[in-house]
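Structural features, examined
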Amino acid sequence: MQYGFCLPNTMDGDELSRFARNAEELGFESVWIGDHIVLPTASTNQYPYTPDGSFRRPHEAPFLETLTVLAYVAACTSSIRIGSTVVIVPYRNPVLQAKIFASLDVLSKGRAVCGVGVGWLEKEFETLDVPYSERGPMTNEWLEIFTNPVERTRTRVEAEGRRHDDITISLKRSLHISDIGVSGGGSGGNTTGAGIVADTQSVIEDIKKCADIGIHQLTYDFPTPDIEECIRILEHFAEKVAPAAS
């Protein structure tokens with residue numbers, strides 16, 4: 001089983017690099033970050049991963065831009081994979097996104113993973129002037145752009161009804177595209193970082209169940225930006241959970 005951990009929601013670059021380096025030194029496979037540009041101040045019932053649709057991140061909590069953080073963490077590490085969980089494809093120009101991810105993959109020596117999603121927060125789409133109802137078709141179309149221009153030096157790109165012939169991104173890089181993310185869960189659903197420590201045996205049993213059905217990569221998130229607690233959880237996982245689950 002390979003294990004990944006989401007980066008803590010901190011504004012401190014030293015803390016981000018410390019967390020990523022600790023994860024790397026402990027032998028974990030990857031670190032990840034989600035993607036939001038803005039968050040509404042009002043509550044929402046659109047979040048697809050809670051029973052009532054509520055999104056539990058406080059809107060007043062600051063957060064950094066996803067692709068910038070991935071580039072920073074890549075520069076702070078040498079072997080651990082770095083990925084988005086997930087980048088919302090319609091939020092950014094597809095050719096620019098492909099160029100950024102391909103550049104990140106080149107500079108990190110093949111460690112970048114482009115986890116993708118269609119998005120769910122309608123207010124965020126509205127703020128970015130992106131049609132919420134078209135997010136599915138846009139994602140399908142733009143993923144074609146993600147996978148084609150980075151593999152060929154000359155290509156034709158069609159985006160938003162506009163055709164661009166004979167453009168070049170000039171990297172000849174095939175992106176690692178991932179559209180599936182599995183979040184480790186205990187008996188009650190998603191396991192928080194504290195739950196990994198307090199309910200270790202349940203986490204171990206869940207990992208074994210995942211392995212039995214052919215899941216070989218799990219990613220865990222943290223409910224706290226406290227870097228000391230996050231690193232303590234990493235160390236506990238490496239010492240108590242991973243060996244017992246293997």
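Our subject is the structure that appears above.
Nothing here was measured: the structure is a model prediction, and the numbers come from that model. (Residues numbered from 1 in each chain as written. Predicted model: local features only at pLDDT ≥ 70, side-chain atom pairs only at ≥ 80, totals over all residues. Heavy atoms only, no water.)

For the protein chain, the count of helices and strands is eight helices and 11 strands. Counting all 246 residues of the protein chain, 43% fall into the buried class. Counted over contacts in the protein chain with a minimum sequence separation of 6, partners at least 24 positions apart contribute 71%. Accessible surface for the protein chain amounts to roughly 12,700 Å². Of this, 49% is attributable to carbon and sulfur atoms. (Helix = DSSP H or I, 4+ residues; strand = E, 2+ residues; numbered from the N terminus. Buried < 20%, exposed > 50% of the residue type's maximum accessible area, 1.4 Å probe, protein only. Contact = heavy atoms within 4.5 Å. Areas by Shrake-Rupley, 256 points an atom, 1.4 Å probe, with all protein chains shown as cover.)

In this section: the pairing of strand β5 (residues 112–117). One face of the sheet, then the other: side chains in a regular strand alternate in exactly this way. Counting buried positions along β5 gives six out of six residues, so the element sits mostly inside the fold. Sheet topology places strand β3 (residues 81–84) next to β5; two bridges connect them, and they run parallel. When the sheet's bridge partners are listed, Gly 83 is paired in β5 with Val 113. Across two bridges, strand β4 (residues 87–88) lies against β5 in parallel orientation. The partner of Ile 88 across the bridge, within β5, is Gly 117. The parallel pair β4 and β5, bridged by helix α3 (residues 94–107), forms a crossover whose chirality is right-handed. (Pairing = 2+ DSSP bridges. Right-handed = clockwise from strand over helix to strand, strands pointing away.)

Keep in mind that most residues, glycine aside, have a negative phi and that most peptide bonds are trans. A cis amide bond links Thr 85 to the next residue, Val 86, at an omega of -5°. Of note in the backbone geometry, Asp 129 takes a positive phi value of approximately 60° without being a glycine. On the secondary structure map, Asp 129 appears in the loop between α4 (122–127) and α5 (135–147). The exposure class assigned to Asp 129 is exposed, which follows from its relative accessible area of 71%.

Tyr 3, Phe 5, Leu 7, Phe 19, Ile 207, Tyr 220 and Phe 237 are the most contacted members of the largest nonpolar core, which has 51 residues in total. When residues in this core are grouped by element, the largest group, nine residues, is from helix α8 (residues 227–245). (Core = buried A, V, L, I, M, F, W, Y, C linked by side-chain atoms within 4.5 Å.)

A separate point is the packing of helix α2 (residues 66–76) against α3. One way to put it is that α2 packs onto α3 with a least axis distance of 10 Å and a crossing angle of 10°. When the axes of α2 and α3 are compared, the pair comes out roughly parallel. Between α2, through Leu 67, Leu 70, Ala 71 and Ala 74, and α3, the contact on the second element is made entirely by Ile 100, Phe 101 and Leu 104. The residue inventory of the contact of α2 with α3, partitioned by class, reads seven nonpolar, no polar and no charged. (Axes fitted to C-alpha atoms, helices over the stretch in contact; angles between N-to-C directions. Parallel < 35°, antiparallel > 145°, perpendicular 65-115°, else oblique. Nonpolar A, V, L, I, M, F, W, Y, C, P; charged D, E, K, R; others polar.)

Taking 1.5 Å as the rise per residue, helix α7 (residues 200–212) with 13 residues should run 18 Å; its terminal C-alpha atoms sit 19 Å apart, in good agreement. Here α7 has its buried residues at Thr 200, Ser 202, Val 203, Ile 204, Asp 206, Ile 207 and Cys 210. Following α7 by one or two positions, Gly 214 adopts a phi angle in the positive range, close to 95°. (Expected span 1.5 Å × (residues − 1).)

For the rest of this paragraph, the subject is the packing of helix α1 (residues 13–25) against α8. The geometry of α1 relative to α8 is characterised by a closest axis approach of 10 Å and an angle of 5° between their N-to-C directions. In terms of orientation, α1 lies roughly parallel with respect to α8. Contact with α1, carried on its side by Glu 15, Arg 18, Phe 19, Asn 22 and Ala 23, involves Ile 227, Glu 228, Cys 230, Ile 231, Leu 234 and Glu 235 of α8 and no other residues of that element. Here the contact of α1 with α8 is composed, by residue class, of six nonpolar, one polar and four charged.

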